[in-house]
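Residues per chain, in single letters:
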Amino acid sequence: MQQNMQTTKKTQGTQDTAQTNCFPSLNSGYNSVFKLGKLSIGLVVPLERYESGPVPTMEDHLTRVQLAERLGFKSVWLRDVPFNVPAFGDAGHVFDPFVYLGYLAAQTKTIALGVASIVLPLRHPAHVAKSAASVDVLSNGRVILGVASGDRPQEYPAMELEYENRGERFRDSFEYIRKMQNDKPTFDNRYGKFDHDSDIDMLPKSTNGRLPLLVTGGSQQSPEWIAKNSDGCMVYPHDPLVQKLFVEDWYNRLKRYNRAPQPVMQPLYFDLATSNSAKPEPIHLGFRSTVEYLVGYLKSLERAGINHVALNLRFNQLDIETTLNLLAENVLTEFSKR
């Protein structure tokens, strides 16, 4: 009876969401980061410059995340990088993402804790489901789980896993994680079998009964599958006009399956120019510019329908603490008014 009541509430919530033309209410992190028609700003960890090599020092990483929270950044985003692959050129934040999520959950209070993204074919979904739900509960619902099929072929033989069928395993893993949010789920795929006679269950359940799962890029899936299943999508940086076309197509696909709007987010590598007269210059997946240029660019993304931008300061030349304060004073204030 209780499960039926919960299901009814979830269904009614989805219908209400579609009628009010806003994003679904999934958990506190998702709800605070994603607002329909608005753009919010987060950060990619580690919050340090490590331009000359792939491995960051991770010095002052916690104090910088706590500073970001105090300044009003909506989120911090971790990455899933199990191996330091020289050809990839970035070891990420070094720590296991779920261990690091738990650490940050205990040391912060309000900032959303995102992962962009867990490589599902490299992990058993039971571990992903339990780890993600655990951090979600321990952080009072602040976890946003980006998921991907993986783009580093070198990692697969290191785990004796096939690279070519990662798309199929991504789908089965995605289904498994979804099902684990239900009480005593029943399903059968390559990762596990749960039938009606099974008396086992996975605990804990996520705070709101549905862990936010955002698909990164294509993840070896069709656009239709993503529109049917994802709670939003993560895309690479592009010109705002290109992003506008993508968002329009994304919303049209959602409508075909009678789904409420789902958010779109992107990362952006950014280097804050030290001169107010500096002209914007391109860098890897982003640019070097003044805060004025950045604000204009972000506003154009907001008009295009992008809902969240995660700034990556890996190539930033100015002191990180100074940069965070300048961004808060000159950029966050522009979007907090909206």
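Let us look at the structure shown here.

Analysis parameters
Residues numbered from 1 in each chain as written. Predicted model: local features only at pLDDT ≥ 70, side-chain atom pairs only at ≥ 80, totals over all residues. Heavy atoms only, no water. Helix = DSSP H or I, 4+ residues; strand = E, 2+ residues; numbered from the N terminus. Rg over C-alpha atoms; globule rule 2.2 N^0.38 Å. Buried < 20%, exposed > 50% of the residue type's maximum accessible area, 1.4 Å probe, protein only. Contact = heavy atoms within 4.5 Å. Areas by Shrake-Rupley, 256 points an atom, 1.4 Å probe, with all protein chains shown as cover. Lys, Arg positive; Asp, Glu negative; His and termini not counted. Charge placed at Lys NZ, Arg CZ, Asp CG, Glu CD. Phe/Tyr/Trp six-rings, centres within 6.5 Å; stacked < 30°, edge-to-face > 60°. Lys NZ or Arg CZ within 6 Å of the ring centre and 35° of its normal. Axes fitted to C-alpha atoms, helices over the stretch in contact; angles between N-to-C directions. Parallel < 35°, antiparallel > 145°, perpendicular 65-115°, else oblique. Left-handed = near helix turned anticlockwise from the far one by under 90°. Nonpolar A, V, L, I, M, F, W, Y, C, P; charged D, E, K, R; others polar. Salt bridge = Lys/Arg side-chain N within 4 Å of Asp/Glu carboxyl O. Patch = residues over 30% accessible without salt bridge, like charges linked within 9 Å, V, L, I, M, F, W, Y side chains within 5 Å. Pairing = 2+ DSSP bridges. Right-handed = clockwise from strand over helix to strand, strands pointing away.

A word on the overall build of the protein. When helices and strands are tallied, the protein shows 11 helices and 12 strands. Computed over the C-alpha atoms, the radius of gyration of the protein is 20 Å, within 12% of the 20 Å expected from 2.2 N^0.38 for a compact globule of 338 residues. Considering the protein as a whole, with its 338 residues, one finds that 53% of them fall into the buried category. A separation of at least 24 residues holds for 71% of the contacts in the protein among residues at least 6 apart in sequence. Of the roughly 15,600 Å² that the protein leaves accessible, carbon and sulfur atoms contribute 52%. Counting 37 positive and 37 negative side-chain charges, the protein places the averaged centre of each group 6 Å from the other.

This brings us to the pairing of strand β12 (residues 308-312). Burial analysis of β12 places five of its five residues in the buried class, which makes it a mostly covered element. Taking every second residue as pointing to the same face, both faces of β12 are buried, with H308, A310 and N312 on one and V309 and L311 on the other.

Another aspect to go through is the packing of aromatic side chains. In this structure the tally under the stated criterion is 14 aromatic pairs. Linked through ring pairs, F270, F287, Y293 and Y297 together constitute an aromatic cluster. Across the ring face of F88, the terminal group of R152 is positioned such that the distance to the ring centre comes to 4.3 Å. Taking the ring centre of Y163 as reference, the NZ or CZ of R166 above it sits at 3.7 Å.

Contact geometry for helix α3 (residues 61-71) and helix α11 (residues 320-336): axes closest at 10 Å, N-to-C directions at 15°. The angle between α3 and α11 places the two elements in the roughly parallel class. Remark: the crossing between α3 and α11 carries right-handed chirality. Taking contact as the criterion, the partners of R64, L67 and L71 in α3 are, on α11, I320, E321, L324, N325, A328 and L332. The class makeup of the residues in the contact of α3 with α11 is six nonpolar, one polar and two charged.

Before going further, it helps to examine the environment of I283. Tracing the backbone through its elements, the reader meets I283 in strand β10 (residues 281-283). Assessed through its relative accessible area of 17%, I283 is described here as buried. When the C-alpha positions of I283 and P97 are compared, they lie 26 Å apart, and in sequence the two are 186 residues distant. Leave out the neighbours within four places in its chain, and I283 touches Y269, F270, D271, R288 and F315.

Right, let's talk about the pattern of salt bridges for a bit. For the structure on display, the rule yields 19 salt bridges. Of the charged contacts in the structure, one is a salt bridge between D249 and R253, with a shortest N-O distance of 2.9 Å. Of this pair, D249 and R253 both sit in helix α9 (residues 240-256), four residues apart, which is roughly one turn of the helix. Overall, the relative accessible area of 34% leaves D249 in the partly exposed class. One salt-bridge network, held together by shared partners, links R178, R210, D231 and R259.

This part covers a negative patch on the surface. A surface patch of like charges, here negative, comprises E175, D188, D195 and D197. Relative to the helices and strands, D195 resides in the loop between β6 (192-194) and β7 (213-216).

On to the pairing of strand β3 (residues 112-119), then. Across the eight residues of β3, seven count as buried, placing the element largely inside the fold. Two elements, strand β2 (residues 75-78) and β3, share four bridges in a ladder whose sense is parallel. Among the inter-strand pairings, S75 is bridged to a residue of β3, identified as A112. Handedness of the crossover is the feature at issue here: the chain leaves β2, passes through helix α4 (residues 97-107), returns alongside β3, and the resulting connection is right-handed. Alignment of β3 against strand β4 (residues 143-148), held across five bridges, turns out to be parallel. Residue pairing in the sheet places V119 in a bridge with A148 of β4. The parallel pair β3 and β4 is bridged by helix α5 (residues 125-138), and the resulting crossover is right-handed.

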